[in-house]
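Close look at the chain arrangement
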Amino acid sequence: NTIVQIDAQPFAQWYAKRYGIDVKKKVQKKKDEEEHPEEKKSYKVIQNQKARAAGQKLEQTIEDQFMTGRLLACIASRPGQSGRCDGYVLEGEELQFYKKKLEKKKKA
């Protein structure tokens, strides 16, 4: 496996569409309201987003990564795959472990 940094924008867009919550909202709230007025959504879509968001809690470490615009991910592809990359976004204890490793590497 390999740990890489990836762009957070596609994940932020998916999260906003799926849960109706903008993860970068804290920083750019006023700027976004001026540029992009609220889009119209059907009642059913709003209800689905509320139901999903009720059980969803984003970790603070992942929120911090969204604010920086980069996410740490693990590539879990096997050798021989060409033109394709499988993997997952790091979270929880695994994220903390690799953040410590990267900080040690930067200091050395």
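This structure is a prediction, so every number in the text was calculated from the model and none was measured. (Residues numbered from 1 in each chain as written. Predicted model: local features only at pLDDT ≥ 70, side-chain atom pairs only at ≥ 80, totals over all residues. Heavy atoms only, no water.)

**Some points on the overall build of the protein chain**
- Broken down by element type, the protein chain carries five helices and three strands.
- Secondary structure elements of the protein chain occur, N-terminal to C-terminal, as β-α-α-α-α-β-β-α.
- Going through the 108 residues of the protein chain one by one, you find that 19% of them count as buried.
- Long-range pairs, those at least 24 residues apart, make up 66% of the contacts in the protein chain with a sequence separation of at least 6.
- When the accessible surface of the protein chain is totalled, it reaches about 8800 Å², and 50% of it is carbon and sulfur. (Helix = DSSP H or I, 4+ residues; strand = E, 2+ residues; numbered from the N terminus. Buried < 20%, exposed > 50% of the residue type's maximum accessible area, 1.4 Å probe, protein only. Contact = heavy atoms within 4.5 Å. Areas by Shrake-Rupley, 256 points an atom, 1.4 Å probe, with all protein chains shown as cover.)

**Overview of the sheet that holds strand E3 (residues 87–89)**
- Taking strand neighbours across the sheet as the criterion, the three strands line up as E1-E2-E3 in an open arrangement whose pairing is antiparallel. Every other strand in the sheet has two partners, leaving strand E1 (2–7) and E3 as the edge strands with one partner each. Averaged over all pairs of adjacent strands, the angle between strand axes in this sheet comes to 35 degrees, irrespective of strand direction.
- Where helix H1 (residues 9–19) meets the sheet, it contacts E1, strand E2 (70–75) and E3, and its direction lies at approximately 65 degrees from that of E1. (Pairing = 2+ DSSP bridges. Axes fitted to C-alpha atoms, helices over the stretch in contact; angles between N-to-C directions.)

**Some points on the state of the cysteines**
- Summed over the entire model, instances satisfying the criterion amount to zero disulfides.
- Not part of a disulfide, Cys74 finds its nearest cysteine sulfur in Cys85, a span of 9.5 Å. (Disulfide = S-S within 2.5 Å.)

**Observations concerning the packing of H1 against helix H3 (residues 43–54)**
- Two elements in contact, H1 and H3, have axes separated by 7 Å at closest approach and are oriented at 110 degrees. Considered as vectors, H1 and H3 are oriented roughly perpendicular to each other. Facing Ala16, Lys17, Arg18 and Tyr19 of H1, the residues of H3 in contact are Gln49, Arg52 and Ala53.
- Its residues assigned to classes, the contact of H1 with H3 shows three nonpolar, one polar and three charged. (Parallel < 35°, antiparallel > 145°, perpendicular 65-115°, else oblique. Nonpolar A, V, L, I, M, F, W, Y, C, P; charged D, E, K, R; others polar.)

**What about the packing of aromatic side chains?**
- Here the structure, examined in full by the defined rule, presents three aromatic pairs.
- For the ring pair Tyr15 and Tyr19, a centre distance of 4.7 Å and an interplane angle of 45 degrees mean the geometry is tilted. You can see Tyr15 and its partner Tyr19 sitting in helix H1, four residues apart, about one turn around the helix.
- Residue classification places Tyr15 among the buried residues on the basis of a relative accessible area of 6%.
- For Tyr19, a relative accessible area of 13% puts it in the buried group.
- Between the aromatic rings of Phe97 and Tyr98, the centroid separation amounts to 5.1 Å while the plane-to-plane angle is 75 degrees, which identifies the pairing as edge-to-face. (Phe/Tyr/Trp six-rings, centres within 6.5 Å; stacked < 30°, edge-to-face > 60°.)

Everything listed here is a matter of coordinates, which is why it stays silent on function.
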